[in-house]
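# A look at the structure
The residues making up each chain are set out below.
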Amino acid sequence: MSESHVRADGSTLRVRRPPRARPADAARVTRAEINLAHLRHNLRELEASMAADGEAARRPPAQVWAVLKADAYGHGASVLGVHLERAGVDGICVALLEEGIELRQAGVRCPILVMGGYYGRYRDGLEALVEHELSPVVYDPVQLERLATAVRFVGGAPHGVHLKVDTGMGRLGCREDEFLPLLRALRRHPELRLDALMTHLACADEPDPAITHDQLRRFDAAQELVRRQGLRPVLRHAANSAAALRFPDAQLDLVRPGIALHGVHPCPTVASSGSRVPKLKPVMQVLTEIVALRDLRAGEAIGYGHTWRAERPSRIATLPIGYADGFSRALSNRGHVLLHGQRVPIAGSVSMDLTMIDVTDIADARLRDEVVVLGEQRGRAGEDRIDVAEWAALEGTITWECYTGISRRVPRFYRHP
Ligand SMILES: *Cc1c(COP(=O)(O)O)cnc(C)c1O
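Reference entry: report on the structure contained in this document. Each residue is numbered by its place in its chain's sequence as written, counting from 1. Where local features are concerned, this predicted model is filtered to residues with pLDDT of at least 70; where side-chain atom pairs are given and counted, the filter is 80 or more; whole-chain, interface and lining totals use all residues. Neither water nor hydrogens contribute to the side-chain values; these are computed over all heavy atoms in the structure.

### A short note on the sheet that holds strand S16 (residues 314-319)
Whether parallel or antiparallel, the strands of a sheet pair through hydrogen bonds between backbone atoms. Reading across from one edge, S13-S16-S19 is the order of the three strands in this open sheet, with antiparallel pairing throughout. Two strands lie at the open edges of the sheet, namely strand S13 (292-296) and strand S19 (355-358), each paired on one side alone. Taken over all neighbouring pairs, the strand axes of this sheet differ in orientation by 30° on average, direction set aside. Between any two strands, at least two bridges found by DSSP are needed for them to pair. Only DSSP runs of H or I reaching four residues or more are called helices, and only runs of E reaching two or more are called strands; each is numbered from the N terminus. Throughout, an axis means a line fitted to C-alpha atoms (over the contacting stretch in the case of helices), and angles, computed between N-to-C directions, take values from 0 to 180 degrees.

Shown next, in the form of C-alpha coordinates:
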(Lines give C-alpha, C1' and ligand atoms only; values in the text may rest on other atoms or scores of the structure.)
Protein backbone atom coordinates (compact mmCIF):
# COMPACT_ATOMS: atom_id res chain seq x y z
CA MET A 1 0.00 0.00 0.00
CA SER A 2 1.47 3.37 -0.89
CA GLU A 3 0.23 6.92 -0.72
CA SER A 4 1.55 10.37 -1.45
CA HIS A 5 2.35 13.10 0.98
CA VAL A 6 2.76 16.73 -0.10
CA ARG A 7 5.45 18.58 1.83
CA ALA A 8 5.40 22.24 2.88
CA ASP A 9 7.62 23.18 -0.11
CA GLY A 10 5.15 21.61 -2.56
CA SER A 11 7.27 18.54 -3.37
CA THR A 12 5.65 15.14 -3.12
CA LEU A 13 6.89 12.15 -1.19
CA ARG A 14 5.57 8.67 -1.66
CA VAL A 15 5.38 6.55 1.43
CA ARG A 16 4.92 2.85 1.60
CA ARG A 17 3.05 1.51 4.54
CA PRO A 18 4.33 -1.86 5.68
CA PRO A 19 1.40 -4.05 6.62
CA ARG A 20 1.29 -4.99 10.28
CA ALA A 21 2.28 -8.61 10.77
CA ARG A 22 -0.90 -10.62 11.04
CA PRO A 23 -1.07 -13.53 13.47
CA ALA A 24 -1.65 -16.02 10.66
CA ASP A 25 1.57 -14.87 8.98
CA ALA A 26 3.64 -14.95 12.12
CA ALA A 27 6.50 -17.41 11.97
CA ARG A 28 8.14 -16.38 15.20
CA VAL A 29 6.95 -17.45 18.60
CA THR A 30 7.10 -14.04 20.26
CA ARG A 31 3.59 -12.65 20.51
CA ALA A 32 1.25 -10.43 22.45
CA GLU A 33 -2.04 -11.83 23.72
CA ILE A 34 -4.87 -9.36 24.21
CA ASN A 35 -7.55 -10.48 26.64
CA LEU A 36 -10.86 -8.89 25.66
CA ALA A 37 -12.63 -10.25 28.77
CA HIS A 38 -10.15 -8.25 30.87
CA LEU A 39 -10.89 -5.17 28.79
CA ARG A 40 -14.61 -5.51 29.54
CA HIS A 41 -13.86 -6.21 33.19
CA ASN A 42 -11.85 -2.95 33.42
CA LEU A 43 -14.69 -0.99 31.83
CA ARG A 44 -17.16 -2.41 34.38
CA GLU A 45 -14.77 -1.74 37.29
CA LEU A 46 -14.30 1.85 36.19
CA GLU A 47 -18.05 2.32 35.80
CA ALA A 48 -18.67 0.82 39.24
CA SER A 49 -16.12 3.15 40.84
CA MET A 50 -17.64 6.18 39.15
CA ALA A 51 -21.17 5.11 40.03
CA ALA A 52 -20.09 4.87 43.68
CA ASP A 53 -18.73 8.43 43.49
CA GLY A 54 -21.91 9.58 41.76
CA GLU A 55 -24.04 8.00 44.45
CA ALA A 56 -22.01 9.73 47.14
CA ALA A 57 -22.55 13.04 45.35
CA ARG A 58 -26.14 12.27 44.27
CA ARG A 59 -25.58 12.75 40.57
CA PRO A 60 -25.74 10.43 37.54
CA PRO A 61 -22.50 8.66 36.64
CA ALA A 62 -20.46 10.12 33.81
CA GLN A 63 -20.31 8.67 30.30
CA VAL A 64 -17.17 6.74 29.33
CA TRP A 65 -15.32 7.66 26.14
CA ALA A 66 -12.47 5.15 25.77
CA VAL A 67 -9.11 6.59 24.71
CA LEU A 68 -7.71 4.38 21.95
CA LYS A 69 -4.98 6.63 20.54
CA ALA A 70 -1.63 5.18 19.38
CA ASP A 71 -3.31 1.97 18.23
CA ALA A 72 -5.01 1.60 21.60
CA TYR A 73 -1.72 1.95 23.49
CA GLY A 74 -0.28 -0.81 21.31
CA HIS A 75 -3.19 -3.22 21.86
CA GLY A 76 -4.79 -2.73 18.42
CA ALA A 77 -7.41 0.03 18.08
CA SER A 78 -9.83 -1.51 15.62
CA VAL A 79 -10.40 -4.72 17.57
CA LEU A 80 -10.64 -2.87 20.91
CA GLY A 81 -12.88 -0.18 19.41
CA VAL A 82 -15.41 -2.64 18.01
CA HIS A 83 -15.35 -4.63 21.23
CA LEU A 84 -15.75 -1.63 23.53
CA GLU A 85 -18.59 -0.26 21.43
CA ARG A 86 -20.40 -3.56 21.86
CA ALA A 87 -19.64 -3.44 25.58
CA GLY A 88 -21.44 -0.11 25.73
CA VAL A 89 -18.91 2.73 25.79
CA ASP A 90 -20.49 6.06 24.85
CA GLY A 91 -17.66 7.26 22.62
CA ILE A 92 -14.02 6.78 21.64
CA CYS A 93 -11.14 9.27 21.67
CA VAL A 94 -8.10 9.14 19.39
CA ALA A 95 -5.22 11.54 18.79
CA LEU A 96 -5.06 11.56 14.98
CA LEU A 97 -7.48 11.98 12.13
CA GLU A 98 -6.14 8.79 10.55
CA GLU A 99 -6.75 6.89 13.79
CA GLY A 100 -10.39 8.01 13.68
CA ILE A 101 -10.77 6.93 10.05
CA GLU A 102 -9.25 3.54 10.87
CA LEU A 103 -11.94 3.01 13.54
CA ARG A 104 -14.75 4.04 11.17
CA GLN A 105 -13.38 1.61 8.57
CA ALA A 106 -13.41 -1.12 11.22
CA GLY A 107 -17.14 -0.45 11.65
CA VAL A 108 -17.25 1.68 14.80
CA ARG A 109 -20.43 3.80 14.78
CA CYS A 110 -20.31 5.63 18.13
CA PRO A 111 -19.01 9.22 18.47
CA ILE A 112 -15.26 9.51 17.87
CA LEU A 113 -13.33 12.50 19.18
CA VAL A 114 -10.07 13.45 17.42
CA MET A 115 -8.07 15.10 20.20
CA GLY A 116 -4.82 16.04 18.45
CA GLY A 117 -6.26 19.23 16.96
CA TYR A 118 -4.51 18.71 13.61
CA TYR A 119 -6.47 17.86 10.50
CA GLY A 120 -3.93 18.42 7.75
CA ARG A 121 -2.66 21.39 5.83
CA TYR A 122 -5.30 21.15 3.12
CA ARG A 123 -9.05 21.00 3.03
CA ASP A 124 -9.19 17.28 2.24
CA GLY A 125 -8.23 16.45 5.85
CA LEU A 126 -11.17 18.46 7.19
CA GLU A 127 -13.48 16.99 4.57
CA ALA A 128 -12.43 13.49 5.59
CA LEU A 129 -13.18 14.46 9.17
CA VAL A 130 -16.70 15.61 8.25
CA GLU A 131 -17.41 12.70 5.90
CA HIS A 132 -16.40 10.14 8.53
CA GLU A 133 -18.45 11.93 11.17
CA LEU A 134 -15.48 12.46 13.45
CA SER A 135 -15.71 15.16 16.12
CA PRO A 136 -12.74 17.53 16.15
CA VAL A 137 -11.18 19.23 19.13
CA VAL A 138 -10.89 22.92 18.20
CA TYR A 139 -9.37 25.87 20.01
CA ASP A 140 -8.70 28.68 17.56
CA PRO A 141 -10.85 30.79 15.24
CA VAL A 142 -8.86 29.80 12.13
CA GLN A 143 -9.72 26.13 12.74
CA LEU A 144 -13.41 27.08 13.04
CA GLU A 145 -13.27 29.07 9.79
CA ARG A 146 -11.62 26.23 7.87
CA LEU A 147 -13.92 23.60 9.34
CA ALA A 148 -17.01 25.65 8.50
CA THR A 149 -15.80 25.91 4.88
CA ALA A 150 -15.30 22.14 4.72
CA VAL A 151 -18.78 21.51 6.16
CA ARG A 152 -20.33 23.84 3.54
CA PHE A 153 -18.40 22.01 0.81
CA VAL A 154 -19.42 18.54 1.96
CA GLY A 155 -22.98 19.66 2.73
CA GLY A 156 -25.29 18.21 5.34
CA ALA A 157 -26.13 19.01 8.93
CA PRO A 158 -24.08 21.22 11.26
CA HIS A 159 -20.94 19.46 12.47
CA GLY A 160 -20.36 19.03 16.20
CA VAL A 161 -17.11 20.27 17.77
CA HIS A 162 -15.48 19.99 21.19
CA LEU A 163 -13.97 23.32 22.28
CA LYS A 164 -10.78 22.92 24.27
CA VAL A 165 -9.69 25.37 26.97
CA ASP A 166 -6.13 25.45 28.28
CA THR A 167 -6.53 25.61 32.06
CA GLY A 168 -2.90 24.85 32.87
CA MET A 169 -1.54 22.04 30.72
CA GLY A 170 0.02 24.58 28.35
CA ARG A 171 -0.10 22.24 25.38
CA LEU A 172 -3.26 22.56 23.29
CA GLY A 173 -6.38 24.59 23.89
CA CYS A 174 -7.56 28.14 23.90
CA ARG A 175 -5.91 30.40 26.48
CA GLU A 176 -8.32 32.06 28.82
CA ASP A 177 -7.72 35.57 27.43
CA GLU A 178 -8.51 34.36 23.90
CA PHE A 179 -11.63 32.49 24.84
CA LEU A 180 -14.23 35.20 24.20
CA PRO A 181 -13.15 35.86 20.58
CA LEU A 182 -13.25 32.09 20.03
CA LEU A 183 -16.82 31.84 21.32
CA ARG A 184 -17.87 34.77 19.14
CA ALA A 185 -16.26 33.09 16.12
CA LEU A 186 -18.18 29.93 16.90
CA ARG A 187 -21.46 31.84 17.01
CA ARG A 188 -20.74 33.26 13.54
CA HIS A 189 -20.71 29.76 12.00
CA PRO A 190 -24.08 28.05 11.69
CA GLU A 191 -22.26 25.10 10.07
CA LEU A 192 -20.83 24.24 13.49
CA ARG A 193 -22.50 22.99 16.64
CA LEU A 194 -20.96 23.19 20.11
CA ASP A 195 -21.18 19.62 21.42
CA ALA A 196 -18.75 19.85 24.29
CA LEU A 197 -16.39 21.97 26.32
CA MET A 198 -13.22 20.23 27.44
CA THR A 199 -9.87 20.67 29.13
CA HIS A 200 -6.96 18.42 30.08
CA LEU A 201 -5.41 18.04 33.53
CA ALA A 202 -1.64 18.16 33.94
CA CYS A 203 -1.18 16.70 37.43
CA ALA A 204 -4.12 14.37 38.11
CA ASP A 205 -1.70 11.54 39.02
CA GLU A 206 0.54 13.67 41.24
CA PRO A 207 0.20 13.46 45.04
CA ASP A 208 -0.62 17.17 45.44
CA PRO A 209 -4.23 17.80 44.37
CA ALA A 210 -3.93 21.62 44.42
CA ILE A 211 -3.11 22.04 40.72
CA THR A 212 -6.03 19.84 39.67
CA HIS A 213 -8.44 21.79 41.88
CA ASP A 214 -7.13 25.03 40.38
CA GLN A 215 -7.57 23.71 36.83
CA LEU A 216 -11.13 22.62 37.60
CA ARG A 217 -11.90 26.11 38.99
CA ARG A 218 -10.60 27.69 35.79
CA PHE A 219 -12.70 25.27 33.77
CA ASP A 220 -15.78 26.38 35.74
CA ALA A 221 -14.99 29.99 34.84
CA ALA A 222 -14.76 29.05 31.15
CA GLN A 223 -18.16 27.34 31.36
CA GLU A 224 -19.59 30.52 32.84
CA LEU A 225 -18.31 32.52 29.84
CA VAL A 226 -19.89 30.04 27.46
CA ARG A 227 -23.21 30.34 29.24
CA ARG A 228 -23.06 34.13 29.12
CA GLN A 229 -22.51 33.96 25.36
CA GLY A 230 -25.79 32.10 25.10
CA LEU A 231 -24.04 28.89 24.03
CA ARG A 232 -24.91 25.54 25.53
CA PRO A 233 -22.43 22.71 25.29
CA VAL A 234 -24.14 19.38 25.78
CA LEU A 235 -21.16 17.85 27.51
CA ARG A 236 -18.25 18.96 29.69
CA HIS A 237 -15.15 16.81 30.14
CA ALA A 238 -11.72 16.95 31.75
CA ALA A 239 -10.75 13.59 33.25
CA ASN A 240 -8.14 11.07 32.11
CA SER A 241 -7.88 7.78 34.05
CA ALA A 242 -6.18 9.31 37.07
CA ALA A 243 -8.72 12.12 37.41
CA ALA A 244 -11.68 9.80 36.81
CA LEU A 245 -10.48 7.60 39.69
CA ARG A 246 -9.14 10.25 42.07
CA PHE A 247 -11.25 13.35 41.61
CA PRO A 248 -15.01 12.75 41.56
CA ASP A 249 -15.44 16.47 40.80
CA ALA A 250 -13.53 16.02 37.55
CA GLN A 251 -15.85 13.35 36.19
CA LEU A 252 -18.37 15.95 34.93
CA ASP A 253 -20.46 14.62 32.01
CA LEU A 254 -17.92 12.22 30.57
CA VAL A 255 -14.49 10.81 31.31
CA ARG A 256 -11.67 9.91 28.90
CA PRO A 257 -9.85 6.92 30.39
CA GLY A 258 -7.02 5.24 28.49
CA ILE A 259 -4.51 3.43 30.68
CA ALA A 260 -7.11 2.24 33.22
CA LEU A 261 -9.14 0.47 30.52
CA HIS A 262 -5.97 -1.26 29.39
CA GLY A 263 -5.71 -2.55 32.94
CA VAL A 264 -3.09 -0.40 34.63
CA HIS A 265 -3.75 1.90 37.54
CA PRO A 266 -2.41 5.34 36.57
CA CYS A 267 -1.08 6.16 40.04
CA PRO A 268 -1.12 3.07 42.28
CA THR A 269 0.77 4.73 45.13
CA VAL A 270 -1.30 7.91 45.33
CA ALA A 271 -4.25 7.89 47.71
CA SER A 272 -7.61 8.18 45.99
CA SER A 273 -10.36 10.57 46.97
CA GLY A 274 -12.83 8.49 44.97
CA SER A 275 -14.99 6.17 47.05
CA ARG A 276 -13.91 2.87 45.51
CA VAL A 277 -10.58 1.60 44.14
CA PRO A 278 -11.14 -0.52 41.02
CA LYS A 279 -9.45 -3.88 40.59
CA LEU A 280 -7.98 -3.67 37.12
CA LYS A 281 -6.61 -6.56 35.05
CA PRO A 282 -3.85 -6.05 32.48
CA VAL A 283 -5.24 -6.62 28.98
CA MET A 284 -1.92 -7.42 27.31
CA GLN A 285 0.49 -10.27 27.93
CA VAL A 286 3.74 -10.76 26.01
CA LEU A 287 5.05 -14.28 25.57
CA THR A 288 7.91 -16.06 23.87
CA GLU A 289 9.78 -19.39 23.99
CA ILE A 290 13.29 -20.64 24.61
CA VAL A 291 15.00 -21.07 21.23
CA ALA A 292 18.51 -22.02 22.38
CA LEU A 293 20.25 -23.36 25.50
CA ARG A 294 23.93 -23.54 26.43
CA ASP A 295 26.04 -24.46 29.43
CA LEU A 296 28.83 -22.10 30.47
CA ARG A 297 31.90 -22.67 32.59
CA ALA A 298 32.56 -20.28 35.45
CA GLY A 299 34.31 -17.20 34.05
CA GLU A 300 32.71 -17.29 30.59
CA ALA A 301 30.95 -14.09 29.46
CA ILE A 302 28.01 -13.51 27.12
CA GLY A 303 26.32 -10.89 24.96
CA TYR A 304 27.38 -7.54 23.51
CA GLY A 305 30.05 -5.92 25.63
CA HIS A 306 30.37 -9.08 27.73
CA THR A 307 28.41 -7.34 30.48
CA TRP A 308 27.50 -10.63 32.18
CA ARG A 309 30.05 -13.22 33.33
CA ALA A 310 29.28 -16.61 34.86
CA GLU A 311 30.31 -16.73 38.52
CA ARG A 312 29.55 -20.45 38.62
CA PRO A 313 28.81 -23.13 36.01
CA SER A 314 25.66 -21.69 34.43
CA ARG A 315 22.86 -22.54 32.05
CA ILE A 316 21.80 -19.78 29.66
CA ALA A 317 18.63 -19.74 27.54
CA THR A 318 18.12 -17.50 24.53
CA LEU A 319 14.79 -15.80 23.81
CA PRO A 320 13.74 -14.40 20.43
CA ILE A 321 12.77 -10.97 21.74
CA GLY A 322 14.81 -7.77 21.82
CA TYR A 323 14.67 -4.02 21.96
CA ALA A 324 13.26 -3.84 18.41
CA ASP A 325 10.16 -5.52 19.87
CA GLY A 326 9.91 -2.94 22.64
CA PHE A 327 11.76 -5.11 25.18
CA SER A 328 13.94 -2.27 26.36
CA ARG A 329 17.71 -2.45 26.45
CA ALA A 330 17.41 -0.75 29.84
CA LEU A 331 16.30 -4.15 31.19
CA SER A 332 19.78 -5.60 30.48
CA ASN A 333 21.12 -7.38 33.61
CA ARG A 334 18.21 -5.89 35.62
CA GLY A 335 14.86 -7.21 34.39
CA HIS A 336 13.25 -10.62 34.80
CA VAL A 337 11.00 -12.97 32.84
CA LEU A 338 8.89 -15.93 34.01
CA LEU A 339 9.68 -19.56 33.27
CA HIS A 340 7.69 -22.45 34.84
CA GLY A 341 6.01 -19.78 37.00
CA GLN A 342 9.32 -18.60 38.47
CA ARG A 343 11.30 -15.37 38.07
CA VAL A 344 14.44 -15.68 35.95
CA PRO A 345 17.00 -12.85 35.57
CA ILE A 346 18.06 -11.36 32.24
CA ALA A 347 21.74 -12.08 31.68
CA GLY A 348 23.80 -9.60 29.66
CA SER A 349 22.67 -6.95 27.19
CA VAL A 350 19.28 -7.13 25.58
CA SER A 351 20.07 -7.02 21.86
CA MET A 352 17.89 -6.02 18.91
CA ASP A 353 16.27 -9.42 18.34
CA LEU A 354 17.48 -11.66 21.16
CA THR A 355 17.85 -11.74 24.93
CA MET A 356 19.57 -14.24 27.22
CA ILE A 357 18.31 -15.38 30.62
CA ASP A 358 20.08 -17.28 33.38
CA VAL A 359 18.13 -20.51 33.95
CA THR A 360 20.74 -22.19 36.18
CA ASP A 361 18.31 -22.29 39.11
CA ILE A 362 15.41 -23.66 37.08
CA ALA A 363 15.10 -27.41 37.11
CA ASP A 364 14.77 -28.82 33.63
CA ALA A 365 14.53 -25.76 31.36
CA ARG A 366 13.99 -26.99 27.81
CA LEU A 367 13.85 -25.74 24.26
CA ARG A 368 10.36 -24.46 23.38
CA ASP A 369 9.39 -23.86 27.00
CA GLU A 370 7.02 -20.90 27.20
CA VAL A 371 8.40 -17.71 28.71
CA VAL A 372 6.19 -14.87 29.94
CA VAL A 373 7.86 -11.54 29.37
CA LEU A 374 4.91 -9.44 30.54
CA GLY A 375 1.97 -10.89 32.45
CA GLU A 376 1.42 -13.79 34.79
CA GLN A 377 2.40 -17.42 34.63
CA ARG A 378 1.55 -20.49 36.62
CA GLY A 379 3.96 -23.40 36.31
CA ARG A 380 5.54 -26.33 38.06
CA ALA A 381 7.83 -23.99 40.04
CA GLY A 382 5.07 -21.68 41.24
CA GLU A 383 3.16 -18.62 40.16
CA ASP A 384 4.27 -15.05 39.58
CA ARG A 385 3.66 -11.96 37.49
CA ILE A 386 5.58 -9.20 35.84
CA ASP A 387 3.54 -6.12 35.24
CA VAL A 388 4.25 -3.17 33.05
CA ALA A 389 4.85 -0.94 36.08
CA GLU A 390 7.92 -3.08 36.85
CA TRP A 391 9.27 -2.41 33.34
CA ALA A 392 8.51 1.30 33.67
CA ALA A 393 10.40 1.54 36.98
CA LEU A 394 13.47 -0.26 35.58
CA GLU A 395 13.40 1.77 32.38
CA GLY A 396 12.93 5.10 34.14
CA THR A 397 9.73 5.80 32.24
CA ILE A 398 5.94 5.44 32.51
CA THR A 399 3.68 2.49 31.70
CA TRP A 400 2.14 4.38 28.75
CA GLU A 401 5.53 4.51 27.00
CA CYS A 402 6.25 0.81 27.66
CA TYR A 403 2.97 -0.26 26.02
CA THR A 404 3.24 2.06 23.02
CA GLY A 405 6.82 0.86 22.54
CA ILE A 406 5.80 -2.74 21.86
CA SER A 407 6.47 -2.71 18.17
CA ARG A 408 4.48 -3.81 15.17
CA ARG A 409 6.60 -6.88 14.59
CA VAL A 410 5.07 -8.47 17.69
CA PRO A 411 1.83 -9.98 16.35
CA ARG A 412 -1.25 -9.35 18.47
CA PHE A 413 -3.47 -12.35 19.17
CA TYR A 414 -6.95 -11.68 20.54
CA ARG A 415 -8.39 -13.96 23.15
CA HIS A 416 -12.15 -13.90 22.80
CA PRO A 417 -14.18 -14.74 25.85
C1 LIG B 1 -4.15 10.34 26.42
C2 LIG B 1 -5.21 11.24 26.86
C3 LIG B 1 -6.18 10.78 27.76
C4 LIG B 1 -6.12 9.41 28.43
O5 LIG B 1 -5.10 9.41 29.40
P6 LIG B 1 -4.88 8.15 30.40
O7 LIG B 1 -3.95 8.70 31.40
O8 LIG B 1 -4.27 7.07 29.58
O9 LIG B 1 -6.20 7.79 30.94
C10 LIG B 1 -7.23 11.64 28.05
N11 LIG B 1 -7.31 12.87 27.51
C12 LIG B 1 -6.38 13.35 26.66
C13 LIG B 1 -6.52 14.72 26.08
C14 LIG B 1 -5.29 12.56 26.31
O15 LIG B 1 -4.36 13.03 25.49
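### Concerning the environment of threonine 212
Looking at where threonine 212 falls in the secondary structure, it is placed in helix H8 (residues 210-228). Separated by 115 residues in the primary sequence, threonine 212 and leucine 97 have C-alpha atoms spaced 29 Å apart. Discounting residues that sit within four places of it in the chain, threonine 212 has contacts with Leu201, Cys203, Ala204 and Phe247. Whether two residues are in contact is decided by their heavy atoms: any pair within 4.5 Å suffices.

### Quick look at unusual backbone geometry
A positive phi angle, near 55°, is found at aspartate 71, a position not held by glycine. When you line up the elements, aspartate 71 lands in helix H2 (residues 69-73). Unusually for a residue other than glycine, aspartate 364 sits at a positive phi of about 65°. Here aspartate 364 shows up in the loop between S19 and strand S20 (370-379). What makes aspartate 364 partly exposed here is its relative accessible area of 42%. Under the scheme applied here, a residue whose accessible area is under 20% of the maximum for its type counts as buried, over 50% as exposed, and between as partly exposed, the area being computed with a 1.4 Å probe on protein chains only.

### Points about the pairing of strand S5 (residues 91-94)
Within a regular beta strand, the side chains point alternately toward one face of the sheet and then the other, so they alternate between its two faces. In S5, alternate side chains face the same way, and those of Gly91 and Cys93 on one face and Ile92 and Val94 on the other are all buried. Here strand S4 (residues 63-67) runs beside S5; their pairing, made up of three bridges, is parallel. Bridge assignment links tryptophan 65 to a residue of S5, and that residue is glycine 91. Here three bridges tie S5 to strand S6 (residues 112-114), and the two strands are oriented parallel to one another. Looking at S6, one finds that valine 94 is bridged to valine 114. If you view a crossover with the strands going away from you and the path from the first strand over the helix to the second runs clockwise, you call it right-handed. Crossover S5 to S6 through helix H4 (residues 97-105) is right-handed.

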